[in-house]
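Chains, contacts and geometry: an overview
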Amino acid sequence: MEMEFPNEKCVRIDYDCSNRSRSEDPQNVESESPSDRGIRSNYQFHSMNALEILRETVRVLRHNSPAFMVICALLISPVSAVRLCNVLTNHSMIHKLNIQLLLLTSSCGDPFRSVIKHWCQHISEMAISSVLCFPLYITLALLSKAAVVHTVDCIYSRRKLDFSRFFSFICRIWRRLVLTYLWVCMLLVGCLTLFLVLLVSACNILSILGFPTDLTVYPALMVVLALVLIFANAIIISNLAIVISVLEDVSGPEALLRSGNLIKGQTHVGLLLFLGSTIVMAFVEGLFEHRVKTLSYGDGSSRIWEGPLLVIMYSFLVLIDSMMSAVFYFSCRSSSLEILDGQLHSKPHLVLETTTVPSTDVQ
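Residues numbered from 1 in each chain as written. Predicted model: local features only at pLDDT ≥ 70, side-chain atom pairs only at ≥ 80, totals over all residues. Heavy atoms only, no water.

1. Some thoughts on helix α8 (residues 134-157)
Over its 24 residues, α8 runs 33 Å from end to end, which matches the ideal 34 Å to within 8%, given 1.5 Å per residue. A maximum bend of about 30° is found in α8 at Ala 141. One or two steps after α8, the chain reaches Arg 158, where phi turns positive at roughly 55°. (Helix = DSSP H or I, 4+ residues; strand = E, 2+ residues; numbered from the N terminus. Expected span 1.5 Å × (residues − 1). Bend = angle between axes of the 7 residues up to and from the residue.)

Laid out in structure tokens, this is it:
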């Protein structure tokens, strides 16, 4: 599947020295159009904010929309349909887990009892759904993320996307991709466990100190806000670690550590991307809940077309989110290279020290 690059202004990233050397090959130069040669000769480092990443994601989607649509239809849509319809959900397990969470949070006070009850129900549904849908997440969902990242990489490195080579590529990276995903799952489960333990501990400590039950809510609310930020950062680092395990030869905790180092200085951008994606996806999930599952109006005949439409919308949002994670990786990489370049220019003696080679006399 050949990819064309129109003559338009686009954010460009110096992706790899091998790509640059390949672009300087006379045979490749002769086969390129004048616009492509102009783009290649004008590579520059550029870190992007959230809006620029969204615009760049749209440009990347336009460059090879057929490949992305195939990924969305074959890999993302089945997982989205199962997730929205809750086909694998066990309501008895959700009810039992919800009761246990309500017992744990019983010391959090009465003013926010309805809010706590709603969140316990939501966390129970999310936990049970994630466990039961885990086989889908570790196969189709993970494969779709790898396919999206590989396609974005082919666009930036100006390589032809060949699906036969893609499957051999997946076979090479699948082990480290699964390992990274398992570590990501452990990280997120650990964050949720820490969230519950600290919340219950804070409420119990305030109750032991003699604070009224109503007043324990407000310190607990501050703890919740802090832990939500921590959890959001964990998700951002996890998404970036999946991208890193596809594009770099690292996996597991090394990929998470590499992701944490790479995101330094760009955390606010990742939080904005995460917030935007979460709000839009939650909106579509709410629409599916009230217009398809709950049947809040009419005789239900609209389910025939609203259900598939909302599944397609949700799948497209998942595709855009995966693409933004890939673009965000290149942006963070460019930002780190900009910082390194600035340090080398501010301390040129370090460059001389690191590049000096002891001379040897030739007899």
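Moving on, there is more to tell.
2. A short note on the side chain of His 150
With respect to the helices and strands, the residue His 150 is situated in helix α8. His 150 sits in the buried class, given a relative accessible area of 8%. Here His 150 is in contact with Arg 159, Leu 161, Phe 166 and Phe 169, once residues within four sequence places are set aside. (Buried < 20%, exposed > 50% of the residue type's maximum accessible area, 1.4 Å probe, protein only. Contact = heavy atoms within 4.5 Å.)

3. With respect to the packing of aromatic side chains
The relative placement of two aromatic rings is captured by the distance of their centres and the angle of their planes. Taken as a whole and judged by the stated rule, the model has four aromatic pairs. A network of ring pairs unites the aromatic residues Tyr 156, Tyr 329 and Phe 330 as a single cluster. (Phe/Tyr/Trp six-rings, centres within 6.5 Å; stacked < 30°, edge-to-face > 60°.)

4. Observations concerning the packing of helix α4 (residues 50-63) against α8
Viewed as axis vectors pointing N to C, α4 and α8 meet at an angle of 85°, and their least axial separation amounts to 10 Å. Regarding the angle of α4 to α8, the classification is roughly perpendicular. Between α4, through Glu 56, Val 60 and His 63, and α8, the contact on the second element is made entirely by Val 152, Ile 155 and Tyr 156. Across the contact of α4 with α8, the residue classes break down as four nonpolar, one polar and one charged. (Axes fitted to C-alpha atoms, helices over the stretch in contact; angles between N-to-C directions. Parallel < 35°, antiparallel > 145°, perpendicular 65-115°, else oblique. Nonpolar A, V, L, I, M, F, W, Y, C, P; charged D, E, K, R; others polar.)

5. A few points about the nonpolar core
Among the nonpolar cores identified, the biggest contains 67 residues, and Phe 68 and Phe 328 are the most heavily contacted of them. At the level of elements, α4, α5 (65-85), α8, α9 (163-208), α10 (217-247), α11 (253-262), α12 (267-293) and α13 (303-346) are the ones that each hand at least two residues to this core. With 14 residues, the top contributor of residues to this core is α13. Ignoring sequence-local partners within four residues, the contact set of Phe 68 consists of Val 60, Leu 61, Val 148, Thr 151, Val 152, Ile 155, Leu 319 and Met 323. (Core = buried A, V, L, I, M, F, W, Y, C linked by side-chain atoms within 4.5 Å.)

6. Observations regarding the confidence of the model for the protein
In this model, the protein carries a mean pLDDT of 76, and residues with pLDDT of at least 70 account for 72%. Here residues 1-45 is a poorly scored stretch, pLDDT under 50, and it has 72 contacts once near neighbours within four places are set aside; other chains count. Below pLDDT 50 for its whole length, residues 350-363 participates in one contact with residues either more than four positions away or in separate chains. (pLDDT = per-residue confidence, 0-100.)

7. Brief notes about the side chain of Ser 157
Counting through the fold element by element, Ser 157 comes out in helix α8. Under the relative-accessibility criterion, Ser 157 is labelled buried at 2%. Among the polar contacts made by the side chain of Ser 157, one reaches the main-chain carbonyl oxygen of Asp 153 at a distance of 2.7 Å. Looking at Ser 157, its side chain comes within polar contact range of the side chain of Arg 159, at 2.9 Å. (Polar contact = N/O pair within 3.5 Å; in protein donor to acceptor, adjacent residues only side chain to side chain.)

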